[in-house]
Amino acid sequence: MAWGVAAASTANQAAAGRSAQEGQARELSPRAAEEVRLRLRAQRGWLTPESLVAIVGGGIGGLATALALQQAGLRARVYERDSGFDVRRQGYGLTLSTTNSALAALGLLDELRQRDVPSRSHFVFKSDGEILGYFGNAFSTLEDGGRALPDRGNLRVPRQVLRQMLLDRLAPGTVEWDHQLLEFAEHPPDNGGAGGGVTLTFASGKVVEAAALIGADGIHSVVRGRRRPAADPPGYLGVLAVVGITPVSHPLLHERGFYTLDGQMRMFTMPFSRAGDAQQTMWQLSMSLPEVEARSLAASGPAELLQELQCLCRDWHAPVPEMLRGTDPGSLWAAPLCDAQPPPAPKKGSSSAVTVLGDAAHPMGNIFCFCYVRDMVVPPLRVCHRRGAL
């Protein structure tokens, strides 16, 4: 595996496939879990169920990694810099596939279906309301020779909902909050392949000894930065993204969303959460701006930022102005979008007990990084697949 994210290991594919076929069990079946353990034991000897795999970052990728490792009978601990789960805002909405084998292997699909806030169609508009196009299963009943199209292929849930589901499935005490990683030192094994590991040092002064380290700490990853200090930092893509949540009700927001664009800005909406007849909608407004201006706007107070957006979109079609007026400034999240080159493939014969996943491994800029859903199960088991892969 590259110092980053690799293709799925055979053991993981087998375990994920069986879990999906057997009805998304809450844990890997005993047979699948034992197969994973046997393959790992046969190929890496240096890691035992008592060895600690340290994961830096308590987002979706980090929590899912810990869960996958625990389901395979391995010991994992997550170190998160936030002081608690509720420190962060609600965040954005996620679009997840109903056929995602990683979610199935983690035992999440059934509950995600129950929490789904459906979206069955999308329109594409100019800012004056002219329709440029539309798509979605709501527009298609019988096509392609009379075969009925599937009702829908995606699930939409808030990020924090999925994050809480992962937390609920982890062993008690797995996550240690208020742990900001300062540095780490990797110790190579001896000539016989024994020993070695990673020493982690946190801002609190705490020191942790681990057999392996997985960085799931985002695009500005400390793990990645310490491992490759000479690498170029993430670069600005020329786009500022602002995300907000609105309770406004409108036919264009009921089980559907839309895109609106004017050449300089683009708005995207999707259902976010639902309680009875009340629905919240997530909107994302992205705009092309010079970096200095984008960073200044992102750093302004939420009320000032929202007022600026209302001014920019005041003449857009309904319900955009109303959505912005109804948005709680406290729900806003804004950031200049950045990207970074993925880590290079390791040299032949190289060995490391450190790897990264999610945005720390392959940031994806203006389309965001939903690939960490696949990262949930793929790298965790591959990380322990063989020492040379790290």
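Located above this text is the structure these notes cover.
Heads up: these notes are all about the structure in this document.

Rules used throughout
- Residues numbered from 1 in each chain as written.
- Predicted model: local features only at pLDDT ≥ 70, side-chain atom pairs only at ≥ 80, totals over all residues.
- Heavy atoms only, no water.
- Helix = DSSP H or I, 4+ residues; strand = E, 2+ residues; numbered from the N terminus.
- Buried < 20%, exposed > 50% of the residue type's maximum accessible area, 1.4 Å probe, protein only.
- Contact = heavy atoms within 4.5 Å.
- Polar contact = N/O pair within 3.5 Å; in protein donor to acceptor, adjacent residues only side chain to side chain.
- Pairing = 2+ DSSP bridges.
- Axes fitted to C-alpha atoms, helices over the stretch in contact; angles between N-to-C directions.
- Core = buried A, V, L, I, M, F, W, Y, C linked by side-chain atoms within 4.5 Å.
- Salt bridge = Lys/Arg side-chain N within 4 Å of Asp/Glu carboxyl O.
- Patch = residues over 30% accessible without salt bridge, like charges linked within 9 Å, V, L, I, M, F, W, Y side chains within 5 Å.
- Areas by Shrake-Rupley, 256 points an atom, 1.4 Å probe, with all protein chains shown as cover.
- Phe/Tyr/Trp six-rings, centres within 6.5 Å; stacked < 30°, edge-to-face > 60°.
- Arc of directions from axis to C-beta.

Here we take up the overall build of the protein. Secondary structure assignment for the protein yields 12 helices and 19 strands. Residues counted as buried form 52% of the 390 residues belonging to the protein. A fraction of 73% describes how many contacts in the protein between residues 6 or more apart in sequence connect residues 24 or more apart.

Time to look at the environment of Gln-284. Tracing the sequence through the fold places Gln-284 in strand S17 (residues 278-288). Gln-284 sits in the buried class, given a relative accessible area of 7%. A sequence separation of 48 residues divides Gln-284 from Leu-332, and the C-alpha atoms of the two residues are 9.7 Å apart. Side-chain polar atoms of Gln-284 contact the side chain of Arg-266, separated by 2.6 Å.

Another aspect to go through is the sheet that holds strand S10 (residues 181-187). The strand order across the open sheet formed by three strands is S10-S11-S12, and the pairing between neighbours is antiparallel. Looking at which strands have only one partner, the edges of the open sheet turn out to be S10 and strand S12 (207-210). Each neighbouring strand pair of the sheet contributes to a mean axis angle of 20°, computed without reference to strand direction. Bridge count for strand S11 (residues 197-202) against S12 is four bridges, and the pairing is antiparallel. By the bridge assignment for S12, Leu-200 is matched with Val-208.

This part covers the sheet that holds strand S4 (residues 122-126). Pairing in this open sheet of seven strands is mixed, and the strands run S5-S4-S15-S16-S17-S14-S18 from one edge to the other. Because the sheet does not close on itself, it has two edges, and the strands there are strand S5 (131-135) and strand S18 (333-339). On average, adjacent strands in this sheet sit at an angle of 20° to one another, irrespective of strand direction. Pairing of strand S14 (residues 235-246) with S17 involves eight bridges; the strand directions are antiparallel. If you follow Ile-245 over to S17, its bridge partner there is Met-282. Docked against the sheet, helix H8 (residues 291-299) engages S14, S17 and S18, running at close to 150° with respect to S18. Contacts between helix H9 (residues 302-312) and the sheet are confined to S14, strand S16 (265-275), S17 and S18, with S17 contributing the most and set at about 80° to the helix.

On to the nonpolar core. Counting residues in each nonpolar core, the largest one holds 36 residues, and the members touching the most others are Ile-55, Leu-108, Leu-112, Leu-162 and Leu-166. Counting residues per element, this core draws most heavily on helix H3 (residues 60-71), at seven residues. Sequence-distant contacts of Leu-112, defined by excluding residues within four places in its chain, comprise Leu-96, Leu-103, Leu-155, Val-157, Leu-162 and Met-165. Leu-289, Ala-294, Leu-306 and Leu-324 belong to the second-largest nonpolar core, a separate cluster that totals 26 residues.

We now examine the pattern of salt bridges. Applying the stated criterion across every chain yields a total of nine salt bridges. One salt bridge connects Lys-206 with Glu-176, and the closest N-O pair in it is separated by 2.5 Å. Of this pair, Lys-206 sits in the loop between S11 and S12 while Glu-176 sits in strand S9 (residues 175-176); the two residues are 30 residues apart in sequence, bridging distant segments of the chain. One salt-bridge network, in which partners are shared between bridges, spans Arg-77, Glu-176 and Lys-206.

A cluster of nonpolar side chains, contributed by Ile-131, Tyr-134 and Phe-139, occupies part of the molecular surface with about 310 Å² of accessible area. For Tyr-134, the location among the structural elements is in strand S5.

Evaluated as defined, the whole model comprises eight aromatic pairs. Both rings, one in Phe-123 and one in Phe-139, keep their centres 5.5 Å apart while their planes meet at 90°; by these two values the pair is edge-to-face. Of the two residues, Phe-123 sits in strand S4 while Phe-139 sits in the loop between S5 and strand S6 (142-143), which places them 16 residues apart along the sequence. The class for Phe-123 is buried, based on a relative accessible area of 15%. An aromatic cluster is built from Phe-123, Phe-125, Tyr-134, Phe-139 and Phe-258, whose rings are joined through pairwise contacts.

Cis geometry marks the peptide bond from Ala-318 to Pro-319; its omega dihedral reads 5°. Mapping Pro-319 onto the fold places it in the loop between H9 and helix H10 (320-325). Even without being glycine, Asp-178 reaches a positive phi, approximately 60°. By secondary structure assignment, the location of Asp-178 is in the loop between S9 and S10. Residue Asp-178 is classed as exposed on the basis of its relative accessible area, which comes to 53%. Even without a glycine there, the phi angle at Glu-255 is positive, about 55°.

This paragraph deals with the side chain of Gln-279. Considering the arrangement of structural elements, one finds Gln-279 in strand S17. Side-chain polar atoms of Gln-279 contact the backbone oxygen of Leu-253, separated by 2.6 Å. When sequence neighbours within four positions are dropped, the list of residues in contact with Gln-279 reads Val-117, Thr-246, Pro-247, Leu-253, His-254, Glu-255, Pro-271, Ser-273 and Arg-274.

When H9 is considered as a whole, its buried residues turn out to be Leu-305, Leu-306 and Leu-309. Along the axis of H9, the buried positions cluster into a sector of 95°, meaning they face one direction only. The exposed residues of H9 that point more than 90 degrees off its buried face are Glu-304 and Gln-307. Buried residues in H9 make contact with S14, S17, H8, H10 and S18.

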